[in-house]
Amino acid sequence: MKRVAVLALVAVLAGCGGNLGESSDDESSYPDRAITLLVGQDAGGSTDLIARALAEQVSDDLGKPVTVVNRPGANGGVAAKELAGTEPDGYTVMMFVGSLAYITPLAVAPGQAVDITKYDVVTGVSQDDYVLVTTPAKKFTTVKDIVDAGRAIKYGTTGVGTGSQLSSALLFAQAKVNATAVPFDGGAPTLTAVLGGQVDVASVQLGEAQEQIKAGKLVPLVTFAQKRPTYLPDTPTAKEAGYNAPVQQSRAVVAPDGTPTAVVDRLRGAFGKAFDAREYQDFNTERLLTPNEVDGKTLLDQWTGSLRTYRSLTEQYGIDLAGK
């Protein structure tokens, strides 16, 4: 009887590959539960709205809920740190802002910077432009008006190490304007500060400012786009105004390092279908977003290139993002 029992146990072990601890989970069954999409910014901002617009579409394709969870702080650094500590199984991903990868490293100590190469990029998402705005009460209609005013100004930013801060700092350094940064935590409070007169100007994402621009409550002075956006044809670019400040925001969906290729591919496919949905394309148009739905390698090439460019510009103009 003992011999029979032993043979039976051997047969069982052989049937499960000889490893009692082997997981029965099959990547092909992914996903079998809800997915969390982390956002490192406050609810209501551009990144949050983009995440929610995509989550709805992706949920339909995956057949499981995709829940947006906001973890604001450090320009997305808080959420990125949380993501890095999760299981690389595809059940926690993040809407990662490009400025965290190519601008924040210029404002923090090397050991504190988030390294985008330590994550698996699922897909690029979109880009949007920054615009320098003020209120009619300030009597500025061009950058030259600020220069000619001959006084110190305060400019709001959406945080330290953001494109909002860098674009303004580059502009004012080249224009030789005595300007002091006042950081806020996101676009909404920055706009509130401009409208309330707490700061003179601020560089914000165009999609966040467009409603107030159309209403006449904000005056666009200059955009930091490569060329004039079709939706602001009368507003010059920084380059046209004589300044080298080519700053854009960009976003991507990323997963923890080591996420199985099959899972990343499944997620990429789901987001690809979301990009094709009419509802999402209309959302992009309404929010003035430029699609940048590229693969992971292309996205990394873009972002590492931007880091080199911005590092060179800050060195050239003596800009210290940590102290301005």
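Model, not experiment: these values are computed from the prediction.

Caption draft 1: Region of interest: helix 8 (residues 206-214). The complete set of buried residues in helix 8 reads L206, G207, E208, A209, Q210 and I213. For helix 8, the secondary structure elements touched by its buried residues are helix 2 (46-62), strand 4 (119-134), helix 7 (187-195), strand 7 (201-205), strand 8 (219-223) and helix 10 (278-286). Just past helix 8, the residue G216 takes up positive phi, approximately 80°.

Caption draft 2: Inspection of the layout of surface pockets at higher detail. There is about 360 Å³ of room inside the largest pocket. Forming the boundary of the largest pocket are 30 residues, of which Q41, T158, D185, G186 and G187 lie nearest the centre. For the lining of the largest pocket, the secondary structure elements donating two or more residues are helix 2, helix 7 and strand 9 (248-256). In terms of residue class, the lining of the largest pocket is made up of 8 nonpolar, 17 polar and 5 charged. In this model, the second largest pocket occupies a volume close to 260 Å³.

Caption draft 3: Region of the structure containing the pairing of strand 5 (residues 153-157). Of all 5 residues in strand 5, 4 are buried, a share of seventy percent or more. Taken together, the 5 bridges between strand 5 and strand 6 (residues 179-183) define a ladder with parallel strand orientation. Considered in strand 6, the bridge of T157 is made with P183. Looking at chain direction, strand 5 and strand 7 are connected through 2 bridges and run parallel. Within strand 7, the residue paired with Y155 across the bridge is V201.

Caption draft 4: The environment of L170, seen in detail. Relative to the assigned elements, L170 resides in helix 6 (residues 163-175). The spatial distance from the C-alpha of L170 to the C-alpha of D129 is 15 Å, given a sequence separation of 41 residues. Those residues within four positions of L170 in sequence are excluded, and the remaining contacts are N244, A245, V247, L313, Y317 and I319.

Caption draft 5: Quick peek at the side chain of R287. Here R287 shows up in the loop between helix 10 and strand 10 (290-291). The charged side chain of R287 is buried without a salt bridge, its nearest counter-charge being E208 at 5.5 Å.

Caption draft 6: Examining the environment of L232 more closely. Mapped onto the elements, L232 comes out in the loop between strand 8 and strand 9. In this structure L232 comes out as buried when scored by relative accessible area, which is 10%. Those residues in contact with L232 that lie beyond four places of it in its chain are V131, L206, I213, P220 and T223.

Caption draft 7: Region of the structure containing the nonpolar core. Among the nonpolar cores identified, the biggest contains 51 residues, and F96, L132, I146, F172, V201 and V254 are the most heavily contacted of them. The greatest single-element share of this core, amounting to 6 residues, is contributed by helix 6. When neighbours within four sequence positions are excluded, F96 is seen to be in contact with A80, A101, V114, I116, Y119, S250, R251, A252, V254 and W303. Core analysis: the next-biggest nonpolar cluster, separate from the first, contains 30 residues, L37, A55, V68 and F271 among them.

Caption draft 8: Quick peek at the packing of helix 2 against helix 9 (residues 261-276). At their nearest, the axes of helix 2 and helix 9 sit 8 Å apart, and the two run at 120° to each other. Compared by their axis directions, helix 2 and helix 9 come out oblique. Along this stretch, helix 2 crosses helix 9, giving a crossing that reads as right-handed. Touching L54, Q57, V58, D61 and L62 of helix 2 are R266, L267, A270, F271, K273, A274 and F275, all from helix 9. Split into classes, the residues belonging to the contact of helix 2 with helix 9 amount to 8 nonpolar, 1 polar and 3 charged.

Caption draft 9: Here's a closer look at the packing of aromatic side chains. In total, this model carries 8 aromatic pairs according to the counting rule given. Centre to centre, the rings of Y102 and W303 are 5.9 Å apart; their planes meet at 80°, and the pair counts as edge-to-face. With Y102 in helix 4 (residues 98-102) and W303 in helix 11 (residues 296-316), the pair connects residues that are 201 residues apart, well separated along the chain. An identical accessibility class is assigned to Y102 and W303; each is buried. Three or more aromatic residues joined by ring pairs form one cluster here, namely F96, Y102, Y119, W303 and Y310. A cation sits over an aromatic face here: R33 above Y91, 3.6 Å from the ring centre.

Caption draft 10: The arrangement of the pairing of strand 7 in detail. Burial analysis of strand 7 places 5 of its 5 residues in the buried class, the great majority of the element. Bridging between strand 4 and strand 7 involves 4 bridges; their strand directions are antiparallel. Bridged to V133 within strand 7 is A202.

Caption draft 11: Expanded view of helix 11. Helix length check: helix 11 (21 residues) gives 30 Å between terminal C-alpha atoms against 30 Å at 1.5 Å per residue, within 8%. Every buried residue belonging to helix 11 is among G296, L299, W303, G305, S306, L307, Y310, L313 and T314, and all of these are buried. Elements in contact with the buried residues of helix 11: strand 3 (92-97), helix 4, strand 4, helix 6, strand 9 and helix 9. For helix 11, the side-chain oxygen to backbone nitrogen distance between the N-cap and K297 is 3.3 Å, and the N-cap itself is D295. Phi turns positive, to about 65°, at G318, one or two residues after helix 11.

Conventions and cut-offs
Residues numbered from 1 in each chain as written. Predicted model: local features only at pLDDT ≥ 70, side-chain atom pairs only at ≥ 80, totals over all residues. Heavy atoms only, no water. Buried < 20%, exposed > 50% of the residue type's maximum accessible area, 1.4 Å probe, protein only. Helix = DSSP H or I, 4+ residues; strand = E, 2+ residues; numbered from the N terminus. Contact = heavy atoms within 4.5 Å. 1 Å grid on protein atoms, 1.4 Å probe; cavity = no way out; pocket = protein on both sides within 12 Å on 5 of 7 lines; lining within 4 Å. Points joined across faces, edges and corners; volume = space filled by probe spheres on them. Nonpolar A, V, L, I, M, F, W, Y, C, P; charged D, E, K, R; others polar. Pairing = 2+ DSSP bridges. Lys, Arg positive; Asp, Glu negative; His and termini not counted. Salt bridge = Lys/Arg side-chain N within 4 Å of Asp/Glu carboxyl O. Core = buried A, V, L, I, M, F, W, Y, C linked by side-chain atoms within 4.5 Å. Axes fitted to C-alpha atoms, helices over the stretch in contact; angles between N-to-C directions. Parallel < 35°, antiparallel > 145°, perpendicular 65-115°, else oblique. Left-handed = near helix turned anticlockwise from the far one by under 90°. Phe/Tyr/Trp six-rings, centres within 6.5 Å; stacked < 30°, edge-to-face > 60°. Lys NZ or Arg CZ within 6 Å of the ring centre and 35° of its normal. Expected span 1.5 Å × (residues − 1). Polar contact = N/O pair within 3.5 Å; in protein donor to acceptor, adjacent residues only side chain to side chain.

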